[in-house]
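For reference, the chains in residue letters:
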Amino acid sequence: MIPANFDYESPRTLSEALDLLASREDAKVLAGGHSLLPAMKLRLAQPSMLVDIGRIGGLAYIRESGDQILIGAMTTHGEVAASKLLLRSSPLLAQTATEIGDTQVRNRGTIGGSLAQAHPSADYPAAVLALDAELVVHSRKGERVIPATKFFTGMFSTQLHNDEILTEIRVPRTPGEGTAYKKFHHPASGYAVVGIAVRLKMSGGKIDNAVVGITGVSEIAYRATKVENALRGKPTTAFADAATHAADGVEVLGDYFASTEYRQHLAEVMTRRALAQAAGGKR
Amino acid sequence: MAKNGKASSNSKAAHWVGKKLKRKEDPRLIQGISHYTDDLKMAGMVYCVLVRSPHAHAEIKAIRTDAARALPGVVAVFTGEDTSAVGPVPCAMQMPDLKVPRHPVLGTGRVRYLGEPVAAIVAEDIYTASDAAELVEVDYEPLPVVTDMEKALSSDTAYVHDQFKSNQAFTHTLKGGDIETAFKKADKVVSQRMINQRLAPIAMEPRAVLAEYLPGENRLTVWSSTQIPHLLKTQISVMVGLPETAVRVITPEVGGGFGSKLNVYGEEGIVPWLSMKLSRPVKWNEGRRENFLATIHGRDTINDVELALKKDGTILGLRARILADLGAYHQLLTPLIPQLTALMHAGCYKIPAIRIDIVGVFTNKMSTDAYRGAGRPEATYNVERIMDIGAHELGMDPVAFRQKNLPQPKEFPFTTITGLTYDSAKYQEALNKALKLAGYDALRKRQKAGLKNGKYYGVGVSTYVEICAIGPSAATPAGGWESGTVRIEPTGKVTLLTGASPHGQGEETTFAQLIADELGIDPGDVNVIHGDTLAVPYGIGTFGSRGTAVGGTAAFMATQKLKAKMSALAAHLLGCKAADITIGRGRLSAKGGKKSISFGELVMAAYTAHSIPAGFEPGLEATHFFEPPNFTFPFGTHIASVEVDAETGEVKIDKYVGVDDCGNVINPLIVDGQIHGGIAQGMGQAMWEELIYNEDGQLITGSFMDYVIPKAHFFPEFTLDRTVTPSPVNPMGVKGVGEAGTIASTPCMVNAVCDALSSLGVRHIDMPLKPERVWKAITSAQSGGMEPLPPELSSRAKRNSSEKASKSSTRRRP
């Protein structure tokens, strides 16, 4: 449980951090440290330099901008979960953050850190996919905006380059939508065995639009487009049948705690329950 | 402490025993201002890191340590060849035909379990030592791995120890009564195979050893996180080859053990030897990963249990065949634990015939050994599960079935057919109290009503008896007595030196309470010292719920000797007979109460010795070595109420009731705390915890990301109560309570979940009852007890079947 030797830098500005990051091939960004530090203690990760972005001012915020809400990458899960702005205008992200880890984890872990880590069972990926969020990244070359649907490229892998820092997450307002995040917790790690993020727009007893983001089920979080399509224009009685498509077209993970078969079954059950919860909510 | 600071003489409350005093230990522990072994630092101290095998079974072809030695800051690197004179790691068990392989402190020639140490690095700091460990190159040639007990006993197997030409380490049979006839005459025989899974003890503080050898003085001091400082001192002297008089063991704060530190580990040989070799203090601190790999594990048995029954619910006999996975080597008590399992299969019932056959099996895994309950949870699980299955098959309520077979209070002391004599009990009283607290009838009504709405409620009951106060010396490998020395210092403050070695049990408080009552002083004036072999007379230690019943009794008896001495001196000074002296409320008074002397004056008189009776030895100190005449047998009833989500297999625990009888209670707060922790740990086994080795002997659940250690919010509030049936075995009437919760709660939970699903045709589910397992049990029962349906069919079929089940289940429930 003793990490290998590494250099530690705590820059005060983003540009300083980007310079440091670019200076070393195997430098790593340290945000909340909840995934990286345990990996280093087990020597599964041995970066030669940590660039701690925790002391850069202005990376933790939740604010409105036009029809979007902007969340700074260093905003903790606890801050996201408690944000009145999010709960009022775009609650799904806050609902998701509430289900992450425990109080201590939520007080230290950050949204940027979690998304950049791209753990296959992390909670946020389901929500940012369902929200069609935009992820803003910076490097010395400037800024680029990556749609959430393009961001995740595999287990622990994203579009982020080594010299880039994720700085902001942009989510739309979701007026008139029912939203829900339904999670089956792994009792040891607290990660999602299955996590289902749902947005539901109803009119006249029919489903106008349903969006379903799913995490934990496969190597990479995904949009359950077959479920979404099966619901369009249908009444809520279609939930059960639509939910059977929750894991269609993906390779389902299996491990000692939840086999492929069981995880697939959970994906269906939890999707149905998430849809029902979203339909029941008045937002 | 509530009354702390009050002068002894003002102590109106003569009865500290029975009071809910807050623990003396807590302020320092809660504030984190006391010292564990890893907190200790010595001048010139160096750090040890062990290189451990990544293979479960392999030939060591070569070890190259040059690169590690060359790293600046590295002091020394040793391999098994260098340490062949150290050890071996001891096993205390002696039994006929027990195969005992030599257990080296560092794996030599061959490694036999994942995490077996093969080299020891010593460096100036822990970081350098850890870096150097990565530079040690070991050429391993992997060998076939033995992980499955049944395969290990087949003809087609590799051997963990080639020299034995078998993986069978021992067999053990315990029998009483005519078992053949019992099963021949039975109206009904129920049988069940039950797996008692492997567990990690997970003490909050992992192990740690600090050793300082002073060559000039030829004195070795070892600080270790252990439950048995004196036994460890003896074993260290043997392992490193020093006279026992040169070795001192100190246990600073010990952050829990649960049996895992009732042991002597290779590290407790290597680290002192390194200090002797290098003439520097050496510290080794176990990381959590090492703790999972290389601290003993608990349980891991396969149990085939059968019950012979008459139609009316009378038990005729119980038979079990048990395979016990011992791991690769024997640790201190490895072969003993399955024998304790055999011992307790009579449960708290009248069973006229019992036969238990146990086979101990070597596998390429870490050793199993004592883990909270140590053998009794396994036995109680077998008995309480087969009782529920029996009740179900007879169509009887599980409570009525139990009531029919419990011995009555007048039958005590009650001797089981396998030869244990239960000291005292009122089983029915505890059972009835628990039924009332749980609202048993209402729970049954809710269960029935729930089935109409597709809700699966279950009620689990376990009536248990356990064996504590370990134990009479004849029945224990290293002696089962305990020592206590009580010394009243010249200022009137009292020091108790106890051979018990509390590590979370609160005995600094409870022992002070009982001595305070005896001497008529305040518990704040009694300082309990333990865990230093130079200060404390030889003792056995804390395990097996023995601390208070044996160690407390030793302290109590030593206090009686002192009281006699004080009475003699008081009688001399007051001019009366010693028999006429009463001690209490800070004074020693002659009969009639006219003449008295304060406690302080009397103590001072004993030390100044200006006026003492003839033959009176100055000073006030007495020692007693207490040999218990029998074990004690605490008991009780636990009841759990659960709801199962039949769609996901998740279990919601909505009520948990425990009524326990541990004899007289010294501190109700501490007793409740022990029960709370015990229930949590027992439920942990029932619901969540499991160490899984795969076929290659790799540990799949070797971290807190995978091994489910339950958290506070997993539990409902525990509703606790007790009955009090004093034990006749010791003068205080106490029994022991450290393991009761663990023993009772495991079968209680499994009974509750299986009860919830019995209407669906589920008979038994093996632990832990993780959601997938529960779900599979349901789907399997619904598809006629077949294997689960293939994945492509299961989802829809399940939905159909659970709908069917909820519709039809009310009819099918007996």
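About the thresholds
- Residues numbered from 1 in each chain as written.
- Chains lettered and ligands numbered in written order.
- Predicted model: local features only at pLDDT ≥ 70, side-chain atom pairs only at ≥ 80, totals over all residues.
- Heavy atoms only, no water.
- Core = buried A, V, L, I, M, F, W, Y, C linked by side-chain atoms within 4.5 Å.
- Buried < 20%, exposed > 50% of the residue type's maximum accessible area, 1.4 Å probe, protein only.
- Contact = heavy atoms within 4.5 Å.
- Pairing = 2+ DSSP bridges.
- Helix = DSSP H or I, 4+ residues; strand = E, 2+ residues; numbered from the N terminus.
- Buried area = accessible area lost by both parts, 1.4 Å probe.
- Salt bridge = Lys/Arg side-chain N within 4 Å of Asp/Glu carboxyl O.
- Polar contact = N/O pair within 3.5 Å; in protein donor to acceptor, adjacent residues only side chain to side chain.
- Nonpolar A, V, L, I, M, F, W, Y, C, P; charged D, E, K, R; others polar.
- Axes fitted to C-alpha atoms, helices over the stretch in contact; angles between N-to-C directions.
- Parallel < 35°, antiparallel > 145°, perpendicular 65-115°, else oblique.
- Domains from an automatic or database assignment.
- Disulfide = S-S within 2.5 Å.

Caption draft 1: Here's a closer look at the nonpolar core. Ranked by internal contacts, the top residues of the largest apolar core, which has 177 residues, are Tyr422(B) and Leu757(B). Excluding residues that lie within four positions of it along the chain, Leu757(B) makes contacts with Tyr456(B), Val644(B), Val762(B), Ile765(B), Val774(B) and Ile778(B).

Caption draft 2: Broad picture of the sheet that holds strand S6 (residues 137–142) of chain B. Residue and element names in this part refer to chain B. Spatially, S4-S2-S6 is the arrangement adopted by the three strands of the open sheet, whose pairing is antiparallel. The open sheet has two edge strands with one neighbour each: strand S4 (110–111) and S6. As judged from the two bridges shared by strand S2 (residues 58–64) and S4, these two strands associate in the antiparallel manner. Counterpart to Glu59 in the pairing with S4 is Arg110.

Caption draft 3: Geometry of the interface of chain B and chain A. Each partner contributes residues to the interface: chain B has 37 residues there, and chain A has 27 residues. Between chain B and chain A, roughly 2,600 Å² of surface is buried when both sides are summed, and carbon and sulfur atoms account for 54% of that area. In this structure, the connection of chain B to chain A is made through six salt bridges. In this structure, the connection of chain B to chain A is made through 13 residue pairs in polar contact (both at pLDDT 80 or more). Elements that contribute at least two residues to the side of chain B that touches chain A include exactly helix H3 (126–135), helix H8 (288–294), helix H19 (771–782) and helix H20 (791–812) of chain B. Broken down by element, the side of chain B that touches chain A gets its largest block of residues, six residues, from H20(B). Residues of the side of chain B that touches chain A, tallied by class, amount to 15 nonpolar, six polar and 16 charged.

Caption draft 4: Structural detail: the side chain of Ser130(B). Structurally, the position occupied by Ser130(B) is in helix H3. We classify Ser130(B) as buried; its relative accessible area is 10%. Residues contacting Ser130(B), with those up to four places away along its chain left out, are Ile2(A), Arg43(A) and Val49(B).

Caption draft 5: Molecular detail of the sheet that holds strand S12 (residues 192–203) of chain A. Residue and element names in this part refer to chain A. The strand order S11-S12-S13-S14 describes an open sheet built from four strands, whose pairing is antiparallel. Two strands lie at the open edges of the sheet, namely strand S11 (178–185) and strand S14 (222–223), each paired on one side alone. As defined by bridge partners, strand S13 (residues 206–215) adjoins S14 across two bridges and the pair is classed as antiparallel. Bridged to Gly213 within S14 is Arg223. Along the sheet face, helix H5 (residues 91–98) touches S11 and S12 and points at about 20 degrees away from the line of S11.

Caption draft 6: Representation of the pairing of strand S5 (residues 117–123) of chain B. Residue and element names in this part refer to chain B. Across the seven residues of S5, seven count as buried, placing the element largely inside the fold. Where strand S1 (residues 46–52) meets S5, six bridges bridge the pair, whose relative direction is antiparallel. Paired with Tyr47 across the strands is Ala123, a residue of S5. Looking at chain direction, strand S3 (residues 74–79) and S5 are connected through five bridges and run antiparallel. Note that in S5 the partner of Val74 across the bridge is Ala123.

Caption draft 7: Representation of the packing of helix H15 (residues 547–574) of chain B against helix H16 (residues 599–608) of chain B in the model. Residues and elements named next belong to chain B. Across the interface, H15 lies against H16 with an axial gap of 10 Å and an inter-helix angle of 95 degrees. Looking at the two axes, H15 sits roughly perpendicular to H16. Contacts from Met566, Leu569, Ala570 and Leu573 of H15 reach H16 at Phe599, Leu602, Ala605 and Ala606. In terms of residue class, the contact of H15 with H16 is made up of eight nonpolar, no polar and no charged.

Caption draft 8: Focus on the domain arrangement of chain B. Residue and element names in this part refer to chain B. Here chain B is described as being made up of domain 1 (8–34 + 472–626) and domain 2 (38–143 + 202–294). Centre-to-centre, using C-alpha coordinates, domain 1 lies 38 Å away from domain 2. Of the residues lining the interface, 19 residues belong to domain 1; the matching set on domain 2 comes to 24 residues. For the pair domain 1 and domain 2, the summed buried surface comes to about 1,700 Å²; carbon and sulfur atoms form 55% of the total. For the domain 1 face of the interface with domain 2, the top three residues by lost area are His503, Thr533 and Tyr538, together amounting to 37%. Our enumeration of links across domain 1 and domain 2 arrives at two salt bridges. In this structure, the salt-bridge partner of Asp532 is Arg248, at a minimum N-O distance of 2.6 Å.

Caption draft 9: The arrangement of the domain arrangement of chain A in detail. Entries for chain A in the domain assignment read domain 1 (7–55), domain 2 (62–172) and domain 3 (178–280). Here domain 1 of chain A and domain 3 of chain A have C-alpha centroids that lie 35 Å from each other.

Caption draft 10: The environment of His638(B), seen in detail. Residues and elements named next belong to chain B. With respect to the element layout, His638 can be found in strand S26 (residues 635–644). Linking His638 and Thr746, residues 108 residues apart in sequence, is a C-alpha distance of 9.9 Å. A distance of 2.8 Å separates polar atoms of two side chains, one belonging to His638 and the other to Asp660.

Caption draft 11: How the structure looks around the state of the cysteines. Residue and element names in this part refer to chain B. Applying the stated criterion across every chain, the model contains zero disulfides over all chains. Counting only cysteine sulfurs, Cys468 is the nearest neighbor of Cys662, a cysteine outside any disulfide, at a range of 8.9 Å. Note on Cys662: relative accessible area 6%, which makes it buried.

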